[in-house]
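Overview (structure and organization)
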Amino acid sequence: MTPAISTLNRLLDRSLDWALTSGLRILFIAALLALGLWLFRLASQRFQTILVGVAPSPEEAKRASTLTRVLRDVVVIAAVTVAGMLILAELGIDLKPILAAAGIGGLAVGFGAQSVVKDVISGFFLLLENQVRVGDVVVIGGTGGLVEAITLRTLVLRDLAGNVHIIPHGGVNQVTNMTKDYSRYVFNVGVAYREDPDHVMEVLQEIGTELQRDPAFGPDILAPLEMLGVDKLDDSAVIIKCRITTKPIQQWRIAREMNRRIKKTFDARGIEIPFPHRTLYWGVAKDGTAPVPRLDRAQAETD
């Protein structure tokens, strides 16, 4: 047997040995990873369906759905990372230098990507504390919109005009959630000073009661119209404040219909909704007489 043939045989034997040992283990790891991800996906979907089904309210269902999606992404990333390291080990690659380099690189990246780490940590607590869920309407840093997606690093909002706003979690200093558990709309109804505020409040209560009885709007109203009373004596109007409690995200639809009915009812009953105006008061003398206003005719004609 020639040296070349002998060398070739040894290579074939080593390849066969590697294929029967490490090769089979790599295939087993890959198959186990694929099977595990498939089973985990089915289990997470089933778990999400169960959580949504047993949730006491739609808000809790939204929270369960959001948390399930985020946790699923985390588990998938972790499983792929572990499987990749096991495959590298089976290929004979020493993981110690890689791990050491990864540690040093991670330290360098940590210093250079502090904002990313801050985003991830802030996003974790944002979800853990149930501050925001997919489907909520929120205002963050002056930007408002519907929450379409939440990841570990960003929060995606879509406003009424259809614009998409992507906000990193690290930049969220304050969250105003307008649709958590229930929603409210506050009405500031201005009427003329000549109107009787008690009568106006009775009319508003009647409008609220009729709206709650309407089958198209009543199911979304959680409580009768709450009258808060005369809130302010403005320059040209008496401001009467009231509010209505609705299901989440329904407050604007209910408010638009309520405003429409207020306008039509006030017009039908002769209740004046004043426009801004200014009254000129010339004063009264001590003897009770009012001075006669004087107007320069030439100046008036010039004006």
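What you see is a predicted model, and the numbers here were worked out from it, not measured in a lab. (Residues numbered from 1 in each chain as written. Predicted model: local features only at pLDDT ≥ 70, side-chain atom pairs only at ≥ 80, totals over all residues. Heavy atoms only, no water.)

**As for the overall build of the chain**
On a plain count of helices and strands, the chain comes out with seven helices and eight strands. Here the chain, with 303 residues, has 30% of them falling under the buried criterion. The long-range share in the chain, meaning contacts at least 24 apart out of those at least 6 apart in sequence, stands at 63%. Surface exposure of the chain reaches about 19800 Å², of which carbon and sulfur atoms provide 62%. (Helix = DSSP H or I, 4+ residues; strand = E, 2+ residues; numbered from the N terminus. Buried < 20%, exposed > 50% of the residue type's maximum accessible area, 1.4 Å probe, protein only. Contact = heavy atoms within 4.5 Å. Areas by Shrake-Rupley, 256 points an atom, 1.4 Å probe, with all protein chains shown as cover.)

**With respect to the layout of surface pockets**
The space that makes up the largest pocket amounts to roughly 270 Å³. Surrounding the largest pocket, 13 residues form its lining, Val137, Gly145, Asp159, Leu160 and Trp252 being those nearest its centre. (1 Å grid on protein atoms, 1.4 Å probe; cavity = no way out; pocket = protein on both sides within 12 Å on 5 of 7 lines; lining within 4 Å. Points joined across faces, edges and corners; volume = space filled by probe spheres on them.)

**Let's talk about the side chain of Thr179**
Positionally, Thr179 belongs in the loop between β5 (175–177) and β6 (183–191). Its relative accessible area of 0% is what places Thr179 among the buried residues.

**So, the packing of aromatic side chains**
A full pass over the atoms with the stated rule returns one aromatic pair. Look at Tyr185 and Phe187: their rings are 5.0 Å apart centre to centre, the planes differ by 55 degrees, and that puts the pair in the tilted class. Exposure remark for Tyr185: the relative accessible area of 26% places this residue in the partly exposed category. (Phe/Tyr/Trp six-rings, centres within 6.5 Å; stacked < 30°, edge-to-face > 60°.)

**What to know about the nonpolar core**
Formed by 22 residues in total, the largest nonpolar core has its most connected members in Phe187, Val191, Leu204 and Phe266. Broken down by secondary-structure element, the contributors of at least two residues to this core are β6, α5 (197–213), β7 (221–233), β8 (238–246) and α6 (251–269). Top contributing element to this core by residue count: α5, with six residues. Those residues in contact with Phe266, other than ones at most four positions away along the chain, are Val189, Val191, Val200, Val203, Leu204, Ile271 and Ile273. If you look at the next biggest cluster of nonpolar residues, it comprises twelve residues, including Leu127, Ile140, Val147 and Leu155. (Core = buried A, V, L, I, M, F, W, Y, C linked by side-chain atoms within 4.5 Å.)

**Here we look at the pairing of strand β3 (residues 154–158)**
Across the five residues that make up β3, a large majority, four, are buried. By the bridge criterion, four bridges tie strand β2 (residues 143–150) to β3 in an arrangement that is antiparallel. Across the sheet, residue Ile150 finds its bridge partner in β3, namely Leu155. In sequence, β2 turns back onto β3 through a hairpin of three residues. In this sheet, strand β4 (residues 164–168) lies alongside β3 in antiparallel orientation, the contact comprising five bridges. (Pairing = 2+ DSSP bridges.)

**A word on the sheet that holds β4**
The five strands are arranged β4-β3-β2-β1-β5 in an open sheet whose pairing can be described as antiparallel. Either end of the sheet is taken by a strand with one partner, and the two such strands are β4 and β5. Across the sheet, the mean angle from the axis of one strand to that of its neighbour is 40 degrees, orientation sign disregarded. (Axes fitted to C-alpha atoms, helices over the stretch in contact; angles between N-to-C directions.)

**Some remarks on the environment of Thr246**
Along the chain, Thr246 turns up in strand β8. Taking relative accessible area as the criterion, Thr246 reaches 0% and is therefore assigned buried. Spatially, the C-alpha atom of Thr246 lies 9.8 Å from that of Phe217, the residues being 29 residues apart in sequence. Separated by 3.2 Å, the side chain of Thr246 and the backbone nitrogen of Gln251 make a polar contact. (Polar contact = N/O pair within 3.5 Å; in protein donor to acceptor, adjacent residues only side chain to side chain.)

**Regarding the confidence of the model for the chain**
As a note on interpretation, predicted positions should not be read in detail where pLDDT is low. Of all residues in the chain, 73% attain a pLDDT of 70 or more, and the chain-wide mean is 79. Within the chain, β8 carries the highest mean pLDDT (95), whereas helix α7 (residues 297–302) carries the lowest (52). (pLDDT = per-residue confidence, 0-100.)

**Considering the sheet that holds β7**
Taking strand neighbours across the sheet as the criterion, the three strands line up as β6-β8-β7 in an open arrangement whose pairing is antiparallel. At either margin of the open sheet sits one strand with a lone partner, and together these are β6 and β7. Averaged over all neighbouring strand pairs, the angle between strand axes comes to 20 degrees, with direction disregarded. Pairing analysis gives nine bridges linking β6 to β8, with the strands arranged antiparallel. The residue bridging Arg184 from the neighbouring strand is Thr245, located in β8. Its contacts with the sheet put α5 on β6, β7 and β8, and the angle it makes with β7 is roughly 160 degrees.

**Description of the pattern of salt bridges**
Using the criterion set out here, one finds twelve salt bridges in the structure. Arg269 is the salt-bridge partner of Glu206, the closest N and O atoms lying 2.9 Å from each other. Of this pair, Glu206 sits in helix α5 while Arg269 is found in helix α6, placing the two residues 63 residues apart along the sequence. Put simply, Arg261 and Asp214 hold a salt bridge, and the shortest N to O gap is 2.7 Å. Of this pair, Arg261 sits in helix α6 while Asp214 sits in the loop between α5 and β7; the two residues are 47 residues apart in sequence, bridging distant segments of the chain. Across the pair, exposure class does not vary: Arg261 and Asp214 are buried alike. Salt bridges sharing common partners tie together Asp214, Glu257, Arg260 and Arg261. (Salt bridge = Lys/Arg side-chain N within 4 Å of Asp/Glu carboxyl O.)

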